[in-house]
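# Architecture and fold: a report
Each chain is listed here by its residues.
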Amino acid sequence: PITDNMGNIRTFYLYTPASGVIPCSSGIVLMRDGNDESSAKYILEETGWAELAERDHYVIILPNSAGESWNIDNSTEAPDEIAFSVNWLTTGTLQYLLGCKVHRTSLYLAGFGHAATFAAKIAAQHGNLLAGMYLEGAKHVFGAVRPVSPVPAWLVNCAPELDSAFGFTAQ
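The structure presented is a predicted model; accordingly, all values stated were derived computationally and were not measured.

### A word on the confidence of the model for the protein chain
Summarising the model, the protein chain shows a mean pLDDT of 81, and 80% of its residues fall at 70 or more. Looking at the elements of the protein chain, mean pLDDT is at its lowest for helix 4 (residues 92-98), recorded as 59, and at its highest for helix 1 (residues 37-47), recorded as 93.

Next comes the structure, spelled out in structure tokens:
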């Protein structure tokens, strides 16, 4: 089991397409608000990611927050979500799920709502782990976040400061 810094055993949902998975194909880590099965099903169906996974034969991993939402403001009363995420992104669990050793060219991060802000923090601090990201609805950035590694990003309905944090200019 994967535990966080407070000793909580952490869980995730896994979407494996019925069309099959190509070993060592791209994997998508889909960050969402909520930590139950209904929130996982909702985000897969409403965003179209399940349909894309069926078409392109890749696995979608949906990690669960420790509480109802991700600890994006680094409260000491809740688990260190960044450390937890980096831990499972870099350990054998992810390699096992994708069927190969994970490398930057095969792992994408997507986030929606509150979880999109958290996904942006992961990308900014650990962009070397990602091939790219898709964020929808990220509302703010904590501090002057600048990615330590370039991360190709598609930002939809995100706060303007997030655009500038990732080096984009609004068009």
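Having put the structure on the table, let's press on.
### With respect to the nonpolar core
Core analysis: the largest hydrophobic core is formed by 30 residues, its most contacted members being M31, L109 and L135. Secondary structure elements with two or more residues in this core: strand 4 (27-31), strand 5 (59-63), helix 3 (81-90), strand 6 (107-112), helix 5 (114-126) and strand 7 (132-136). Looking at which element gives the most residues to this core, the answer is helix 5, with seven residues. Each residue touching M31, except ones within four places of it in the same chain, is listed here: P63, W70, L109, A110, G111, F112, A115, F118, A119 and I122. Counting 14 residues, the second-largest nonpolar core is a separate cluster that includes I28, Y58, A110 and F112.

### Some details on the pairing of strand 4
Where burial is concerned, most of strand 4 is hidden: five out of the five residues are buried. Covered by surrounding structure in strand 4 are G27, V29 and M31 together with I28 and L30, the residues of both alternating faces. As paired strands, strand 4 and strand 6 are joined by five bridges and run parallel to one another. Directly across from G27, in strand 6, lies its bridge partner L107.

### Examining helix 2 (residues 49-56)
For helix 2, every residue scored as buried is listed here: W49, A50 and A53. Projected down its long axis, helix 2 shows its buried positions confined to an angular sector of 100°, all on one face. Exposed side of helix 2, more than 90 degrees from the buried face: E51 and R55 are the residues found there. The secondary structure elements touched by the buried residues of helix 2 are strand 3 (12-15), strand 4, helix 1, strand 5, strand 6 and strand 7.

### Thoughts on the packing of aromatic side chains
Taken as a whole and judged by the stated rule, the model has four aromatic pairs. Geometrically, the ring pair formed by Y134 and W154 is edge-to-face, given 5.1 Å between the ring centres and 90° between the ring planes. With Y134 in strand 7 and W154 in strand 8 (residues 153-156), this residue pair connects regions lying 20 residues apart in the sequence. Through successive ring pairs, a cluster of aromatic residues spans W49, F112, Y134 and W154. Sitting over the ring of F84, R10 keeps its end group 3.9 Å from the ring centre.

Thresholds applied
- Residues numbered from 1 in each chain as written.
- Predicted model: local features only at pLDDT ≥ 70, side-chain atom pairs only at ≥ 80, totals over all residues.
- Heavy atoms only, no water.
- pLDDT = per-residue confidence, 0-100.
- Helix = DSSP H or I, 4+ residues; strand = E, 2+ residues; numbered from the N terminus.
- Core = buried A, V, L, I, M, F, W, Y, C linked by side-chain atoms within 4.5 Å.
- Buried < 20%, exposed > 50% of the residue type's maximum accessible area, 1.4 Å probe, protein only.
- Contact = heavy atoms within 4.5 Å.
- Pairing = 2+ DSSP bridges.
- Arc of directions from axis to C-beta.
- Phe/Tyr/Trp six-rings, centres within 6.5 Å; stacked < 30°, edge-to-face > 60°.
- Lys NZ or Arg CZ within 6 Å of the ring centre and 35° of its normal.

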